[in-house]
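# Structural overview
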Amino acid sequence: MHKLFFLAGIFMAAASLRGAEQPNILFIFCDDHATQAISAYGGPLAELAPTPHIDRLAEEGILFRKAYVTNSICGPSRAVVLTGKYSHLNGFRENGNSFDGSQQTAPKLLGKAGYQTAIVGKWHLKSAPTGFDHYEVLKGQGQYYNPMLITNGENVNHEGYTTDIITDRTIKWLNQRDPDKPFFLMSQHKAPHGRWEPAFRHLEFLEDVEVPEPPTLFDDYSGRTKAASQHTMGIADHIGSKRLMLEYSSKFTQDQFQIFDNFFRPKNEAFLAANLTGKERTQWHYQRYIKNYLRCVKAVDENVGRLLAYLDENKLTENTIVIYSSDQGFYLGEHGWFDKRWMYEESFRTPLIARWPGTIAPGLVNDEDIVSNLDFAATFLDVAGAPIPSDLQGPSLVPILEGNTPEDWRQTHYYHYYETGGHGVALHFGVTDGRYKLIRFPEEGINDWELYDLKRDPNEMKSVYDSPEMAQVRKRMKKELTRLQDHYGVAEEER
Ligand code: CA
């Protein structure tokens, strides 16, 4: 009896010690946030539209330049994050799907490992969240003003700017959590997903400047297969009046409407009266688009700052890993586009910045290792010290965060986009090794390949698939594509 009591005492001491050591995990996830719009990544917009709070994370942690997604679209990317599995295994291939919440997910496993789990903000997986102790999520896309948050099954209306409200609710949950247990918290913004309605305090931001145009704004797609020319995501012709703020999307209160309308209406009337055509019209569209996009990003950045300040003020900074990422990248006018979906760099790549004091050395920039949204689930579990199930397809990033990239780390990355019809983007899949990128468009009517050499052609303006000197690369990349499809279990009929 005495011995049992003693052993139980040791077990409890060990358990509570472990509880104290398990770090908190704060996952700040945005929607459609391009690396081009984060100043820590540099680039032509960095000085004009700085993101000091996200940059602080990078200064105090690690920034990845080769973070890719498996399927560049909102819902599918989120399903990959939760499961650590490709779309064809987690079952969520395209936005119209409904996530099978009965399957194994990272939050469920973290709950078993002693974590309190919560998600606040964008969910976008149709079915109700499972595996979270607390959820309050936007219905579908949600709106930028006056959001309704489905709160543990109940519809709750809020008044105000959604990016701010998501942070308010995130902080509220942090305040009422059990401080004796570690937390896994997903704080997920709608922003900067379209249609880009800024906070009132940011309406004037950038108003008097001309944002530089990307060099590929007037891409005519002559350097690639006909897939790209079939797009319907052009800033010139497809962006539409709601994305240009010629019409508004949110259900405003009367007071809110007046503020918004007072700002946009005179400019809209001047634009319509000018009756611009051709290149001039596209340039006006681009300025209107990029400014509102960057204004939405500014609110995100401020709210990242609020969360970091909360961690500081509550002495949580040291024992919390903060991960900042987005469900995919985005076109900020590159190739003439808004939106995402393609395997071209701007939407294939996603921001990834992580801070974990004592584990991640400050100021690291990782531009070599190919990492993926496929890796988040295993990473969360590894950070928690929880077992990583063998069916997860992405490895843990923890060794890389510690500065020790494993010898057998992936050298290539597989991509598969399924959502045919959305913005005219055809189904495609492909592989990259970080330099070369092979893309297959299998559908009838296209049935073609593209190959890019990012070293010689970083903007991916000319496919070299047919170049005789690329024969060896072509062969090697095709072989690698097949190897990855075998490895990840892609069915023959989906190749
Ligand atoms: Ca998205």
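Residues numbered from 1 in each chain as written. Predicted model: local features only at pLDDT ≥ 70, side-chain atom pairs only at ≥ 80, totals over all residues. Heavy atoms only, no water.

Let us look at the overall build of the protein chain. Summing up its helical and strand segments, the protein chain has 13 helices and 16 strands in all. Whereas a compact globule of 495 residues would reach a radius of gyration of roughly 23 Å, the protein chain reaches 23 Å, a difference of no more than 12%. Summarising its shape, the C-alpha atoms of the protein chain cover approximately 90 × 65 × 40 Å along the three principal directions. Residue burial in the protein chain is summarised as follows: out of 495 residues, 60% are buried. Nonlocal contacts in the protein chain, meaning residues at least 24 apart in sequence, comprise 69% of its contacts between residues at least 6 apart. For the protein chain, the exposed area adds up to about 20,000 Å²; of that, 51% sits on carbon and sulfur atoms. Each charge class in the protein chain was averaged separately, 53 positive and 66 negative side chains, and the resulting centres sit 3 Å apart. (Helix = DSSP H or I, 4+ residues; strand = E, 2+ residues; numbered from the N terminus. Rg over C-alpha atoms; globule rule 2.2 N^0.38 Å. Buried < 20%, exposed > 50% of the residue type's maximum accessible area, 1.4 Å probe, protein only. Contact = heavy atoms within 4.5 Å. Areas by Shrake-Rupley, 256 points an atom, 1.4 Å probe, with all protein chains shown as cover. Lys, Arg positive; Asp, Glu negative; His and termini not counted. Charge placed at Lys NZ, Arg CZ, Asp CG, Glu CD.)

The next subject is the domain arrangement of the protein chain. Once the domains are mapped, the protein chain shows domain 1 (5–197 + 289–410) and domain 2 (414–494). Every contact between the two is made by 28 residues of domain 1 and, on the other side, 29 residues of domain 2. Counting each side, the surface lost to burial between domain 1 and domain 2 is near 2,400 Å², with a carbon and sulfur contribution of 57%. It is R341, M343 and Y344 that lose the most area in domain 1 upon contact with domain 2, and together they represent 30% of the buried surface on that side. Here domain 1 and domain 2 share three salt bridges between them. One salt bridge connects E419 with R341, and the closest N-O pair in it is separated by 3.2 Å. Counting residues per element, the ones that place at least two in the side of domain 1 that touches domain 2 are α4 (87–90) and α10 (345–348). A breakdown of the residues in the side of domain 1 that touches domain 2 according to their chemical character gives 12 nonpolar, eight polar and eight charged. (Domains from an automatic or database assignment. Buried area = accessible area lost by both parts, 1.4 Å probe. Salt bridge = Lys/Arg side-chain N within 4 Å of Asp/Glu carboxyl O. Nonpolar A, V, L, I, M, F, W, Y, C, P; charged D, E, K, R; others polar.)

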